[in-house]
Amino acid sequence: MPRLLKELFKNVDDGDGFLSPEELVKLEGKLNKNITTEDAEDIIKTWDSNGDGKMTVNEFIEYKTATMHFRPLSV
């Protein structure tokens, strides 16, 4: 899972190594989750572990891992 999330991050990141709110909105859209720029700003503030106001790939992976909802497999 982390490898897939890193690829998604890299495909949306403008090359600075961080996700801006706009980039996070775009990335979530690729995952079929629509969020607003304001939602993205809140997410970044919540998951920004070092307080620099930016979301690194590791912070993104932590955020997605903690907030992804998996559907149980039907047997």
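All figures in this text were calculated on a predicted structure; none of them were measured in a lab.

Regarding the packing of helix 1 (residues 2–12) against helix 2 (residues 21–30)
Running from N to C, helix 1 and helix 2 cross one another at 130 degrees; their axes reach a closest spacing of 10 Å. In this view, helix 1 runs oblique relative to helix 2, as classed from their interaxial angle. In terms of crossing hand, the pair formed by helix 1 and helix 2 is right-handed. Across from Leu8, Phe9 and Val12 in helix 1, the residues of helix 2 making contact are Glu23, Lys26, Leu27 and Lys30.

Quick notes on the side chain of Lys64
Residue position: Lys64 is located in helix 4 (residues 57–67). Under the relative-accessibility criterion, Lys64 is labelled buried at 5%. Engagement of the side chain of Lys64 in a polar contact is seen with the side chain of Glu28, the distance being 3.0 Å. Not counting residues within four places of it along the chain, the set of residues in contact with Lys64 comprises Leu5, Glu28 and Leu31.

Here's the deal with the packing of aromatic side chains
Scanning the entire structure with this criterion turns up 3 aromatic pairs. With 6.0 Å between their ring centres and 50 degrees between their planes, Phe9 and Phe60 make a pair best called tilted. Of the two residues, Phe9 is situated in helix 1 and Phe60 in helix 4; the sequence distance between them amounts to 51 residues. Side by side, Phe9 and Phe60 carry an identical accessibility label, which is buried.

A closer look at a negative patch on the surface
Among the surface-exposed residues, Glu22, Glu38, Asp39, Glu41 and Asp42 lie close enough to one another that they form a single negatively charged patch. As for its position among the elements, Glu22 is in helix 2.

Details of helix 4
Of all the positions in helix 4, only Glu59, Phe60, Ile61, Tyr63 and Lys64 are classed as buried. Residues of helix 4 that are buried make contact with helix 1, helix 2 and helix 3 (37–47).

Notes on unusual backbone geometry
Of note in this structure, Asn32 is not a glycine but carries a positive phi near 60 degrees. Checked against the element boundaries, Asn32 lands in the loop between helix 2 and helix 3.

Basis of the calculations
Residues numbered from 1 in each chain as written. Predicted model: local features only at pLDDT ≥ 70, side-chain atom pairs only at ≥ 80, totals over all residues. Heavy atoms only, no water. Axes fitted to C-alpha atoms, helices over the stretch in contact; angles between N-to-C directions. Helix = DSSP H or I, 4+ residues; strand = E, 2+ residues; numbered from the N terminus. Parallel < 35°, antiparallel > 145°, perpendicular 65-115°, else oblique. Left-handed = near helix turned anticlockwise from the far one by under 90°. Contact = heavy atoms within 4.5 Å. Buried < 20%, exposed > 50% of the residue type's maximum accessible area, 1.4 Å probe, protein only. Polar contact = N/O pair within 3.5 Å; in protein donor to acceptor, adjacent residues only side chain to side chain. Phe/Tyr/Trp six-rings, centres within 6.5 Å; stacked < 30°, edge-to-face > 60°. Patch = residues over 30% accessible without salt bridge, like charges linked within 9 Å, V, L, I, M, F, W, Y side chains within 5 Å. Areas by Shrake-Rupley, 256 points an atom, 1.4 Å probe, with all protein chains shown as cover. Salt bridge = Lys/Arg side-chain N within 4 Å of Asp/Glu carboxyl O. Lys, Arg positive; Asp, Glu negative; His and termini not counted. Charge placed at Lys NZ, Arg CZ, Asp CG, Glu CD.

What is shown is where atoms sit, not what they do.
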